[in-house]
Amino acid sequence: MKETQKKLFKAACEVQKRAHAPYSGALIGAAVLMSDGKIFSGCNVENASYGGTVCAERVAIFKAVSEGATKKIVEVLVVSDAEKPWPPCGFCRQVIAEFADEKTLVHTTNLQGKSKTFTFPEIFPEAFTPKHLD
Ligand code: ZN
């Protein structure tokens with residue numbers, strides 16, 4: 001892992017333990033590196049209504065925006081306790097698309113540090129972005 005990825009991994013692992021996941025049992029942590037160098041992390045927060053559930057990636061991104069970070073994501077890291085690292089879901093890919101560009105990296109990892117890295121266009125080609133509304 002590169003140094004930045006290690007920082008994101010550490011931040012995501014710290015909050016992964018706090019996930020509220022009584023329904024799926026899947027504890028997920030995520031961390032995003034914004035272009036101003038700040039890192040924000042989040043865990044999944046499930047809800048009895050199911051539809052009210054928010055994934056770790058979106059919690060981290062919403063925290064970044066609400067805390068006033070620059071609105072450009074450089075890297076995203078997702079950590080799960082699964083053997084095969086989980087990628088962001090479709091909802092999260094769409095939210096990442098709002099703040100990503102073709103260079104944004106997405107790291108999927110498990111707790112043992114097994115990881116796979118993608119560029120954002122690799123995992124979400126032809127994304128609908130703010131550019132479509134210009
Ligand atoms: Zn998601």
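Just so it is clear, the structure is predicted and the values come from calculations on it, not from any experiment. (Residues numbered from 1 in each chain as written. Predicted model: local features only at pLDDT ≥ 70, side-chain atom pairs only at ≥ 80, totals over all residues. Heavy atoms only, no water.)

Attention shifts here to the overall build of the chain. When you go through the chain residue by residue, the secondary structure sums to four helices and five strands. Counting from the amino terminus, the chain carries its helices and strands in the arrangement α-β-β-α-β-α-β-β-α. Taking 14 Å as the expected radius of gyration for a compact globule of 134 residues, we find that the chain reaches 14 Å, a close match to that expectation. Its C-alpha atoms give the chain principal-axis dimensions of about 40 × 35 × 30 Å. (Helix = DSSP H or I, 4+ residues; strand = E, 2+ residues; numbered from the N terminus. Rg over C-alpha atoms; globule rule 2.2 N^0.38 Å.)

With that settled, the discussion passes to the pairing of strand 4 (residues 105-110). Among the six residues of strand 4, five are classified as buried, and the element is accordingly described as predominantly covered. Pairing analysis gives six bridges linking strand 3 (residues 73-80) to strand 4, with the strands arranged parallel. By the bridge assignment for strand 4, Val79 is matched with Thr109. Viewed along the sheet, the connection from strand 3 through helix 3 (residues 90-99) into strand 4 turns out right-handed. Pairing of strand 4 with strand 5 (residues 115-119) involves five bridges; the strand directions are antiparallel. Counterpart to Leu105 in the pairing with strand 5 is Thr119. Hairpin connection, strand 4 to strand 5: the antiparallel pair is bridged by four residues, and Gly113 has positive phi, about 90 degrees. (Buried < 20%, exposed > 50% of the residue type's maximum accessible area, 1.4 Å probe, protein only. Pairing = 2+ DSSP bridges. Right-handed = clockwise from strand over helix to strand, strands pointing away.)

This part takes up the coordination of the zinc ion. Protein ligation of the zinc ion involves Cys55 (SG), Cys89 (SG) and Cys92 (SG), the donor distances falling in the range 2.2 to 2.3 Å. Written as a sequence motif, the donor residues of the zinc ion are C-x33-C-x2-C. (Donors = N, O, S within 2.8 Å, 3.2 Å for Na, K, Ca; no water.)

Another aspect to go through is the nonpolar core. Val32, Met34, Ile61, Ile73 and Phe120 are the most contacted members of the largest nonpolar core, which totals 22 residues. For this core, the secondary-structure elements that each account for two or more residues are strand 1 (28-34), helix 2 (56-66), strand 3, helix 3 and helix 4 (120-123). Counting nine residues, the second-largest nonpolar core is a separate cluster that includes Ala11, Ala12, Cys13 and Val79. (Core = buried A, V, L, I, M, F, W, Y, C linked by side-chain atoms within 4.5 Å.)

Among the residues of helix 2, Ala56, Glu57, Arg58, Val59, Ala60, Ile61 and Ala64 are the ones counted as buried. Turning to helix 2, the residues buried within the fold contact strand 1, strand 2 (39-43), strand 3 and helix 3. At the exit of helix 2 stands Gly68, carrying a positive phi of roughly 85 degrees. (Contact = heavy atoms within 4.5 Å.)

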